Amino acid sequence: MNTAMPIGKDDFKELRDGGYYFVDKSETIAKLIDHPAEVTLFTRPRRFGKTMLLSMLRYFLDIEGATEHRKLFDGLAVSRDSETMAQQGSRPVLFLSLKGWKYPSWERMQSGVRRQLSVIFREHKNLLDGNMEVWDRDDFLSLVRGKADIDLCQNALAFLLRIMEEHYGKKPVLLLDEYDVPIQTAWEHGYYKDATDFFREFLSNALKTNPSLDFAVLTGVLRISKESIFSDLNNLKVDSVLQMQYPEALGFTSAEVETMTIDLGRADRLAELQAWYDGYHFGGHEIYNPWSVLNYFDHDCNPAPYWVNTSGNMILGELLRHTDQAHMEEMEGLLQGGSIQGRLHEGVVYSDIKNDEESLYTMLCLTGYLTVESKRRMGNADIYTLRLPNREMQALFGTEILRRFPRAFSQSSLVRLMEAFLAGNLPQVQEGLSRYLEVLASTFDTGKEKESFYHGFVLGMTALLVPDYEVRSNRESGRGRYDVAVFPKRAGKAGMVLEFKTAESEDQLAAKAQEALAQIAARDYDAAFRARGVKHVLHYGIVSCGKSVIVQNSNLFWD
C-alpha cells in the first residue's frame, strides 16, 4: 500500500493514478445517482473533501473517457455494486468550480466571469463539431473569445447544458463546486447586491426546471438564503452540518481514521488525533477534519493547526468588531472548553451578520469554527448548544482573536507580557501593561468602567495561555468574586489572581493598588486555588487612571 498523503490533491484521477493513500467514499456515488434529487447542495467547511467528491462523481459519470476512467474505481466499494457500475460513463458532465472567482470590485468580477467562462467553453469546443444552429454558434464563439455581454454570461450555464444535450442526445449532469465563493467575495469587497443579482440568474437559469438538466450537485461552505441567490428554486435538497442525509460522504469518520492509523503503523497516535482533529458532529457521526488528519501524518505525526478557513476568518472578524462584554465572556468560555446556546438558521443573509447574533453563530458553525454539541426543543424553536470542536479549532480561534488586537501591540508583545506575569517580573509587567493600556485606551473605556477593559485583556490572556492554563473571570471564590484568576493545569506551576481598579487621579494609583491586594487577601480569593492543590499564587493589583497604570504584586506560598 502506498502511504503517501495526497496533500493538495483534489483531482480523483490524479490521486488514483498516483497511488496516494485514499479513503474510499465511493459508496456515496450510488446514493447520489440511484435516486437523485434535481439539485443537491452539500455545505461543509473548507477542506472537508467537497471538491474530491465532485471530481470522483465526474470521472464516474462522464461519457467522455468512460473506458479509461472505469479502471479508476477498481477495488473501491462502488465496484462491487453492479447496478451502479452499469451507469458508469453514461452521461455528459459539466464540471465547474467557482473557487477562483474572487475579484475586488464588481467591474473586475464581470471581466473575471468572462475570462472564466471563456476557459469553460474552450474546454467544450468539441461541441462546435456538431450540428449547432448558426445563432448558437455565434453565442458559443462569443463566450469562447470572452466577448459576451453580461446577459449572455448570465445564461451561459443553461446555454452550455442545452448544447451538450443536443450534442450527446442525453441530458447532462452539472457539478458545481464552491458556488458561494463569488458571493462571499462580493460581501467582503462591498458589491454584494450586484453579485447576488447576477448569480441569482446565473444559477437559476441552469437549475430551475431546466429541461436540459439530468441532475445537479453543488458544494459550498454556506447555504446562501433562497431570497438572495436561489430564488424560486423549489427543487433544492440540502445536505449540511445541521441537516444531514449523507453524513459519511465528507470528512473522515472515526472508523476511517482508526483504520488509517493501523495502515500507517501509527495506532499509538489515535488519542492525539482525536483531541486535535475529531469533534465535529455531523448527523450523529463523529467526523474528523480530513485536511488536518492528512497533514498530521504527512508531518510525521506532529500535531498543529493545519487548517485555515478564509471564509470563517472574515465572519469571526465581524463578530470581534461588533462584540460587547457579553460576547467577550462567551468567547472566553469557548476557549476554555465551554459552550454557548442559541438558535441557528441556515439561509444565510450576509447583511444580517452585524446585527443578528444567530446569523453570526450559524456562520461560525457552518464554516467549521463551532460544532453542535446537542439540540433541544423550546416551544417552536430548536436551541443548539455549540462549542469549539477540538484542540485545532481552539488554537485557531485564539489566533484569530489575537490578530484583531491593534498592530502596535503584537502577539509577541502579548506573549512577553504573559510570561512576565507568570514569572512575577513586576518591572516588565508594569512596562508591558502601560504600553498595552496606551494602545487600547481608545478601544476600552478605562476612565469610568473597568469591565470592558479587563475583559478585553482577559480575552487576550485566554487566547495565549490555553490549554496550559485555565483563565476565569468574575467568579466566586472565598468570600467574594475575583476579577481574573489563572489556574495552572500542571503541578508545580504558579497561579495568579488579578484585581483591576480605577483611580480618580494619578496620585491615588499606589494606594488603590494596595487596596486591590488587600481585597484579594481579605476575601480569600485563593480558596479556589487551594481546592485545586495549587501551592503558589501571585497576587496583582492593577490600577489605571486614563492612560496611566500602576501594578503591585505579592507572592503567596503554602504547603
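All values reported here derive from a predicted model rather than from experimental measurement.

Undergrad: Got a minute to help me understand the nonpolar core in this structure?
TA: Soluble globular proteins tend to bury their nonpolar side chains together. In this structure, Trp 101, Phe 199, Leu 207, Phe 421, Phe 457 and Leu 498 are the most contacted members of the largest nonpolar core, which totals 132 residues. Ranked by the residues each element gives to this core, the list is headed by helix α11 (residues 192-207), at eight residues.

Undergrad: Would you mind going over helix α6 (residues 106-123) with me for this structure?
TA: Within an α-helix, residues lying three or four positions from one another point in the same direction, as the helix has 3.6 residues per turn. Taking 1.5 Å of rise per residue, the 18 residues of α6 would be expected to cover 26 Å, and the 26 Å separating its terminal C-alpha atoms lies within 8% of that figure. When we look at burial in α6, the residues that qualify are Trp 106, Met 109, Gln 110, Gly 112, Val 113, Leu 117, Ser 118, Ile 120 and Phe 121. The elements touched by buried residues of α6 are β2 (93-97), α7 (134-144), α8 (150-154), α9 (156-168), α10 (181-189) and α11.

Undergrad: Teacher, can you tell me more about the confidence of the model for the protein here?
TA: Reading predicted coordinates in detail is not appropriate for stretches of low pLDDT. Considering every residue of the protein, the mean pLDDT works out to 87; 88% of them sit at 70 or more. Contacts for the low-pLDDT stretch residues 442-448, under 50 throughout, to residues beyond four places or in other chains number 13 contacts.

Undergrad: Sorry if this is basic, but what is going on with the pattern of salt bridges here?
TA: Once their charged atoms are close, side chains differing in charge can pair, the charge on each being opposite to the other. Scanning all chains against the criterion turns up 22 salt bridges. A salt bridge links Arg 162 to Asp 136; its shortest N-O distance comes to 3.0 Å. Separated by 26 residues along the polypeptide, Arg 162 in helix α9 and Asp 136 in helix α7 bring together distant segments of the chain. Given a relative accessible area of 28%, Arg 162 falls into the partly exposed group. For Asp 136, a relative accessible area of 4% puts it in the buried group. In this structure, a network of salt bridges that share partners links the residues Arg 266, Asp 268, Arg 269, Glu 272 and Asp 300.

Undergrad: Whenever I open this one, the packing of aromatic side chains confuses me. Can you help?
TA: The geometry of an aromatic ring pair comes down to the distance between the two centres and the angle between the two planes. Evaluated as defined, the whole model comprises 25 aromatic pairs. For the pair Trp 101 and Phe 202, a centre-to-centre distance of 6.0 Å together with 50° between the ring planes defines the contact as tilted. Of this pair, Trp 101 sits in the loop between β2 and α6 while Phe 202 sits in helix α11, placing them 101 residues apart in sequence. Residue Trp 101 shares its accessibility class with Phe 202, and that shared class is buried.

Undergrad: Explain the sheet that holds strand β7 (residues 280-282) to me, please; I cannot follow it from the model alone.
TA: Two strands in a sheet stick together by hydrogen bonds in their backbones, pointing the same way (parallel) or opposite ways (antiparallel). Here we have three strands laid out as an open sheet, ordered β6-β8-β7, and antiparallel in their pairing. Lying at the two open borders of the sheet, with one neighbouring strand each, are β6 (252-253) and β7. Relative to the sheet, helix α13 (residues 270-277) contacts β7 and β8 (285-288), its axis offset from that of β8 by approximately 90°.

Undergrad: Mind showing me how you'd approach the layout of surface pockets here?
TA: Left-over empty space is what a probe sized like a water molecule reveals as it rolls over the atoms. Empty space within the largest pocket amounts to approximately 760 Å³. If you go around the largest pocket, you meet 35 residues; those closest to its centre are Asp 10, Arg 47, Phe 48, Gly 49 and Trp 291. For the lining of the largest pocket, the secondary-structure elements that each account for two or more residues are α3 (50-61) and α14 (290-298). Here the residues of the lining of the largest pocket are counted per class, giving 20 nonpolar, six polar and nine charged.

Undergrad: Please explain helix α2 (residues 27-34) as it appears in this structure.
TA: What α2 keeps buried is the set Thr 28, Ile 29, Ala 30, Leu 32 and Ile 33. Elements in contact with the buried residues of α2: β1 (39-43), α3 and α5 (82-85).

Undergrad: What is the right way to read empty space enclosed by the protein from this model?
TA: In total, this model carries two cavities of 30 Å³ or more according to the counting rule given. What lines the largest cavity is simply Pro 45, Val 241, Leu 242, Tyr 280, His 281, Phe 282, Cys 365, Leu 370, Thr 371 and Val 372. At the level of secondary structure, the elements contributing two or more residues to the lining of the largest cavity comprise β7 and β10 (371-378). Ranked by residue count, the leading element in the lining of the largest cavity is β7, at three residues.

Undergrad: What exactly am I supposed to notice about the pairing of strand β15 (residues 536-545) here?
TA: Taken residue by residue, a regular strand's side chains alternate between the two faces of the sheet. Here β15 lies mainly inside the structure; nine of its 10 residues are buried. In terms of strand pairing, β15 meets strand β16 (residues 548-557) through 10 bridges, oriented antiparallel. Across the sheet, the residue bridging to Gly 541 is Gln 552, located in β16. Between β15 and β16, which follow one another and run antiparallel, lie two residues, and Gly 546 among them has a positive phi close to 65°.

Undergrad: Help me out: how do you make sense of the sheet that holds β2 in this one?
TA: Overall, parallel pairing links the five strands, which are arranged β2-β3-β4-β1-β5 in an open sheet. What marks the edges here is a single partner per strand, and that holds for β2 and β5 (236-239). This sheet shows a mean twist of 15° between the axes of neighbouring strands, independent of strand direction. By the bridge criterion, three bridges tie strand β3 (residues 173-177) to strand β4 (residues 216-220) in an arrangement that is parallel. Note on β4: the bridge partner recorded for Leu 175 is Val 217. Packing of α9 onto the sheet brings it into contact with β2 and β3, and relative to β2 it is tilted by some 155°.

Undergrad: Looking at this model, I keep getting lost on the side chain of Ser 55. Mind explaining?
TA: Residue position: Ser 55 is located in helix α3. A residue is classified by how much of its surface remains accessible, and Ser 55, at 3% relative accessible area, is buried. Look past the residues within four positions of Ser 55 in its chain and what remains in contact with it is Asp 10, Asp 11, Phe 12 and Phe 95.

What counts, and where the lines are drawn
- Residues numbered from 1 in each chain as written.
- Predicted model: local features only at pLDDT ≥ 70, side-chain atom pairs only at ≥ 80, totals over all residues.
- Heavy atoms only, no water.
- Core = buried A, V, L, I, M, F, W, Y, C linked by side-chain atoms within 4.5 Å.
- Buried < 20%, exposed > 50% of the residue type's maximum accessible area, 1.4 Å probe, protein only.
- Helix = DSSP H or I, 4+ residues; strand = E, 2+ residues; numbered from the N terminus.
- Expected span 1.5 Å × (residues − 1).
- Contact = heavy atoms within 4.5 Å.
- pLDDT = per-residue confidence, 0-100.
- Salt bridge = Lys/Arg side-chain N within 4 Å of Asp/Glu carboxyl O.
- Phe/Tyr/Trp six-rings, centres within 6.5 Å; stacked < 30°, edge-to-face > 60°.
- Pairing = 2+ DSSP bridges.
- Axes fitted to C-alpha atoms, helices over the stretch in contact; angles between N-to-C directions.
- 1 Å grid on protein atoms, 1.4 Å probe; cavity = no way out; pocket = protein on both sides within 12 Å on 5 of 7 lines; lining within 4 Å.
- Points joined across faces, edges and corners; volume = space filled by probe spheres on them.
- Nonpolar A, V, L, I, M, F, W, Y, C, P; charged D, E, K, R; others polar.

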